[in-house]
Amino acid sequence: MIKRILVVDDEPNIRDVICFALDRAGMATTTARNGTEAMMAFHRGGLDLIVLDVGMPEMDGLEVCRRIRKTSNLPILFLSARDEEIDRILGLEIGGDDYVTKPFSPRELVARVKTILKRAGHGAGPDIKEDSISAGLLRLNRGGRTATFADAPLILTALEFAILDTLLSRPEIVFNRDQLMEAAYGADMQVADRTIDSHIRNIRAKLSAAGGKGIIATVHGIGFKLTSVMEGDA
């Protein structure tokens, strides 16, 4: 099925460039000029991903993301003219899947959209791995792209799911940031170390809220692994 992408930006030329690139890649695009229109399009449903500009008047992209994340894990790719690290980290910590800075390469943007869609289960090839995987009270269902801890649902973004799946697949292994980047973004995508740290921080917060505090351990100077204690706070 053709994937439907909502492009949200207050600059008409930016919307046109993004839509042209995504349309050429075989996707269907619709647009919104501001946060209010973006929320209206979101509530109409039928979207597979949102390309969301951060710096819009009235309701900015960060606020749009916060509202969407109250009810949905719909993939969101942030787009911003600001290259401040704090803006990138904030965008990821409130639930963004990825972040592209203006000026951007349309080819790179399309590649990142495809990566997120694949991780969300859209357009991925046959999965030869087991449909579900678990350790202790933590369980992932790969076919349904769902996760639970102690039967409590974990609302994960596509990239968070991919990272947790990687950690859970080899709980005895310490994964460095490069390995987790490749698992989440693919071998050809370059992202900052802090991006992975933001995703890990989000996963930890969601696990902790479900009673799974301390499930992901930091191995200083190396990376991250799942702890041997998988039974929650008790």
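For the structure, check the block above.
Structure report, in brief. (Residues numbered from 1 in each chain as written. Predicted model: local features only at pLDDT ≥ 70, side-chain atom pairs only at ≥ 80, totals over all residues. Heavy atoms only, no water.)

With that out of the way, let us pick up unusual backbone geometry. Cis geometry is adopted by the peptide bond preceding proline 103, which originates at lysine 102 and carries an omega value of -10°. Of note, proline 103 is situated in the loop between β5 (98-101) and α5 (106-119). One non-glycine residue, glutamate 58, lies in positive phi territory at about 65°. Among the structural elements, glutamate 58 can be located in the loop between β3 (49-53) and α3 (61-69). (Helix = DSSP H or I, 4+ residues; strand = E, 2+ residues; numbered from the N terminus.)

Enumeration according to the criterion identifies 13 salt bridges in this entry. For glutamate 63, the salt bridge identified is with arginine 67, shortest N-O distance 3.0 Å. Note that glutamate 63 and arginine 67 are positioned in helix α3 at a spacing of 4 residues, about one turn of the helix. Residue class for glutamate 63 comes out partly exposed when judged on its relative accessible area of 25%. Under the relative-accessibility criterion, arginine 67 is labelled partly exposed at 38%. Two residues, arginine 177 and aspartate 197, come together in a salt bridge whose shortest N-O distance is 2.9 Å. With arginine 177 in helix α7 (residues 177-185) and aspartate 197 in helix α8 (residues 193-209), this pair connects stretches of sequence that are 20 residues apart. For aspartate 197, a relative accessible area of 16% translates into the label buried. Each of the salt bridges in this network shares a partner with another, and the network as a whole consists of Asp9, Glu11, Asp53 and Lys102. (Salt bridge = Lys/Arg side-chain N within 4 Å of Asp/Glu carboxyl O. Buried < 20%, exposed > 50% of the residue type's maximum accessible area, 1.4 Å probe, protein only.)

Our focus in this paragraph is the packing of helix α1 (residues 12-24) against α5. Between α1 and α5, the shortest axis-to-axis distance is 10 Å and the interhelical angle comes to 60°. Accordingly, the angle class assigned to the pair α1 and α5 is oblique. Between α1 and α5 lies a crossing whose hand is right-handed. Of the residues in α5, those touching α1 at Val17, Ile18, Ala21 and Leu22 are Pro106, Leu109, Val110 and Val113. (Axes fitted to C-alpha atoms, helices over the stretch in contact; angles between N-to-C directions. Parallel < 35°, antiparallel > 145°, perpendicular 65-115°, else oblique. Left-handed = near helix turned anticlockwise from the far one by under 90°. Contact = heavy atoms within 4.5 Å.)

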